[in-house]
Amino acid sequence: MAGERISRRRLLRSTMGLIAGAAAYRVAGRTALAAETISLDAVTRTIEVKGKAVKAYALRNASGAPGLSFTVGDAFKVRLNNRLAEPTLVHWHGLTPPSAQDGVPELSQAPLAAGASYDYDFPLKLPGTYWMHSHVGVAQTQRLLSAPLIIRTPEELKRDEQEVVVRLNDFSFRDTEEILARLRGPGAEAPMKMDQAGASKTGAMKMPGGAQMNMPGSAKSSGMAMPAGGDVNDIDFDAYLANDRSLTDPEVVRIERGGRVRLRIINMADSTNFIIDLGAINGELIAVDGQPIAPVPGGKFPIAMAQRLDIRLALPAGGGAFPILALREGDTARTGVVLATSGAKIARIAELGKAKAGIVGLDLEGKLKPAEPLPPRPADRSVDVLLGGDMAKYVWTMNGEVFGKNQPIRVAAGERVELVMKNATMMSHPMHLHGTVFQVVAINGRRFAGARRDTVMVPPMATVTIAFDADNPGRWAYHCHNGYHQEVGMMTSVEYS
Ligand SMILES: [Cu+2]
């Protein structure tokens, strides 16, 4: 199998990666034959965050490492074992399984009871950096019930290149219920409607416990330097994690002097967009959400919630230590890992940067060129999707209502469908459509053949249009991937038979 093709050099790297905890994901795909059922366990664990031991969850393969990896063309034969003390269900983010195996309560199947197992079996069609996460609620994803899901091509397996998977999370010591209660807080008594024009007269609200929500037009009254475009972060997290660790004790990934490295960065955070900062290294963005693009050189790349970036690095021949940082947008907080050659001195990195990071917008999105665009074709159906909300009550909606009250978007099999998302709020919404790999085809009315993706950012007051071919019948979740927005209703479905 794949293992026979590994050169000694690669094997050495693989071993070093395991020691560093970085390259372990490839184990699952190699130790199991494609025809065997691989087990995946949802488990409870204890991790240390800023010196405190906290209960967290994990999705682990048989080797104990997070997540799963495959070679394209393999079958996704996976037995999910729920070893938690509560029900759960896992969604395979970015994959296109039959609808019944998509892992969404109410649309795919019922959650698995504590102790229950379920077998999944479907073909893996596209290579790329994907991930998996609980779809039963923000409380489980905030406790890190998520993991990488990597699908490689045979060519990638042969490539003389070290793979470094970086999982990004936001983390709070508080329970999600408490965070939600604070977000709803005083606004529940003083509702403020955020209409399509986004007009609002209220200023910033200081929430008890330090959480702060900034209302549109509040830039001056709040005393905060508001970035152009509205509210950025509405939850104060206690830590930002890269591979479960904050910058107080970052993961150090051993790399070879002059070696080649491919980053697979996955934003698993529930409420944080990041800007990846490669520091002194130059990189080339080669894929977004697992889908190849015409390479984009650079040192900083935005990554919205749920998105993935594949970045090939050009490391200097001389060796050294190279921090790969993820900057919280509009803030000084940051996290990251350190790539280091043997013997390199690793300097301490402050958890807060000196300057606030920029905002995750659509500048890069508008320039991305997909390696495999959808065949050009006029839309058979165009559907307007209004992204709305009531900031003060902390209710977020699609087409005017929360999930369950809004109508499913019904399309017909075989159609080219376009979804025109209009964000009528002052927060950004990373929108995810299940069951397909869509294409970004317009930003604020400007049409272009953009990237293939599964999650796209819709900034405040912006309009983004995506296109997909309705060739995978079923009931597909379509929602904001901010876990808190989704939790309070920012979801609908796209359905066809
Ligand atoms: Cu949202």
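Note: the structure precedes this text.
Thresholds applied
- Residues numbered from 1 in each chain as written.
- Predicted model: local features only at pLDDT ≥ 70, side-chain atom pairs only at ≥ 80, totals over all residues.
- Heavy atoms only, no water.
- Donors = N, O, S within 2.8 Å, 3.2 Å for Na, K, Ca; no water.
- Buried < 20%, exposed > 50% of the residue type's maximum accessible area, 1.4 Å probe, protein only.
- Phe/Tyr/Trp six-rings, centres within 6.5 Å; stacked < 30°, edge-to-face > 60°.
- Lys NZ or Arg CZ within 6 Å of the ring centre and 35° of its normal.
- Core = buried A, V, L, I, M, F, W, Y, C linked by side-chain atoms within 4.5 Å.
- Contact = heavy atoms within 4.5 Å.
- Helix = DSSP H or I, 4+ residues; strand = E, 2+ residues; numbered from the N terminus.
- Arc of directions from axis to C-beta.
- Pairing = 2+ DSSP bridges.
- Axes fitted to C-alpha atoms, helices over the stretch in contact; angles between N-to-C directions.
- Salt bridge = Lys/Arg side-chain N within 4 Å of Asp/Glu carboxyl O.

Novice: Would you mind going over the coordination of the copper ion with me for this structure?
Specialist: Four donors placed tetrahedrally about a metal ideally form angles of 109.5 degrees, and six donors placed octahedrally ideally form angles of 90 or 180 degrees. His 429 (ND1), Cys 480 (SG) and His 485 (ND1) make up the full set of protein donors to the copper ion, lying at 2.0 to 2.1 Å. Residue classification places His 485 among the buried positions, given a relative accessible area of 0%.

Novice: Please explain the packing of aromatic side chains as it appears in this structure.
Specialist: Aromatic rings in a pair are described by how distant their centres are and how their planes are angled relative to each other. Applying the stated criterion to the full structure yields nine aromatic pairs. Ring pairing ties together the aromatic residues Phe 70, Phe 76, Trp 92, Tyr 118, Tyr 120 and Phe 122, which thus form one cluster. A cation over an aromatic ring shows up here: Arg 446 above the ring of Phe 448, its NZ or CZ 4.7 Å from the ring centre.

Novice: Any chance you could explain the nonpolar core here in plain terms?
Specialist: As a rule of thumb, nonpolar side chains are buried together in soluble globular proteins. Counting 84 residues, the largest nonpolar core has Ile 276, Leu 285, Ile 311, Leu 313, Leu 339, Leu 419 and Tyr 478 as the members making the most contacts within it. Residue contacts for Leu 339: discarding those within four places in its chain leaves Val 164, Val 253, Ile 255, Val 261, Leu 313, Gly 320, Ala 321, Phe 322 and Ile 324. Of all hydrophobic cores here, the second largest spans 25 residues; its members include Leu 68, Leu 80, Leu 95 and Phe 122.

Novice: Would you take a moment to explain helix α5 (residues 176-184) for this structure?
Specialist: Helical geometry note: an α-helix holds 3.6 residues per turn, so side chains three or four residues apart project in the same direction. For α5, every residue scored as buried is listed here: Thr 176, Ile 179, Leu 180 and Leu 183. Considered in projection along α5, the buried side chains sweep an arc of 95° and stay on one side of the axis.

Novice: Can you help me understand the pairing of strand β9 (residues 162-171) in this one?
Specialist: The buried count for β9 comes to 10 of 10 residues, which makes it a mostly enclosed element. Of the two faces of β9, the one lined by Gln 162, Val 164, Val 166, Leu 168 and Asp 170 and the one lined by Glu 163, Val 165, Arg 167, Asn 169 and Phe 171 are each fully buried. Examined bridge by bridge, β9 and strand β14 (residues 261-267) share seven bridges and lie parallel to one another. Looking across to β14, one finds that Arg 167 is bridged to Ile 266. Inspection of the sheet shows β9 paired to strand β12 (residues 239-242) by four bridges, in the antiparallel sense. Of the residues in β12, the one forming a bridge with Asp 170 is Tyr 240.

Novice: What's the story with unusual backbone geometry in this structure? I'm lost.
Specialist: Peptide bonds are, in most cases, trans, and in most cases residues other than glycine have a negative phi. The backbone phi angle of Asp 289 is positive, close to 50°, even though this residue is not glycine. Position of Asp 289 relative to the elements: it lies in the loop between β16 (282-288) and β17 (291-298). Take Asp 289: its relative accessible area is 0%, and that puts it in the buried class. Backbone geometry at Asn 444 places phi at a positive 50°, although glycine is not the residue there. Considering the arrangement of structural elements, one finds Asn 444 in the loop between β27 (438-443) and β28 (446-447).

Novice: Is there a simple way to think about the sheet that holds strand β21 (residues 334-340) in this case?
Specialist: Strand-to-strand pairing in sheets goes through backbone hydrogen bonds, with the strands running parallel or antiparallel. Strand order in the open sheet made by the five strands is β13-β21-β20-β15-β18, with mixed pairing throughout. In this open sheet, the two strands that pair with only one neighbour each are β13 (252-254) and β18 (300-303). Along the sheet, successive strands turn relative to each other by an average axial angle of 20°, direction set aside. Summarising the sheet, strand β15 (residues 274-277) and β18 pair through four bridges and their orientation is antiparallel. Its bridge partner lying in β18, Ile 276 is registered against Phe 301.

Novice: Whenever I open this one, the pattern of salt bridges confuses me. Can you help?
Specialist: Any two side chains of opposite charge can pair if their charged atoms end up close together. One pass over the structure, following the stated rule, counts 28 salt bridges. Where Glu 161 meets Arg 159, a salt bridge forms, and the shortest distance between an N and an O atom there is 3.4 Å. A relative accessible area of 33% means that Arg 159 is categorised as partly exposed. Between Arg 182 and Glu 178 there is a salt bridge, with the nearest N and O atoms lying 3.0 Å from each other. Of this pair, Arg 182 and Glu 178 both sit in helix α5, separated by four residues, roughly a single helical turn. Several salt bridges converge on common partners, so that one network encompasses Arg 152, Glu 156, Glu 163, Arg 262, Arg 264 and Asp 310.

Novice: Help me understand the sheet that holds strand β6 (residues 117-123) in this model?
Specialist: The strand order across the open sheet built from four strands is β2-β1-β4-β6, with neighbouring strands paired in mixed fashion. Of all the strands in the sheet, the pair left with one neighbour each is β2 (52-61) and β6. Put simply, the sheet's adjacent strands are angled 30° from each other on average, direction ignored. The pairing of strand β4 (residues 75-82) with β6 spans seven bridges and is antiparallel. Bridging across to β6, Ala 75 finds its partner in Pro 123.

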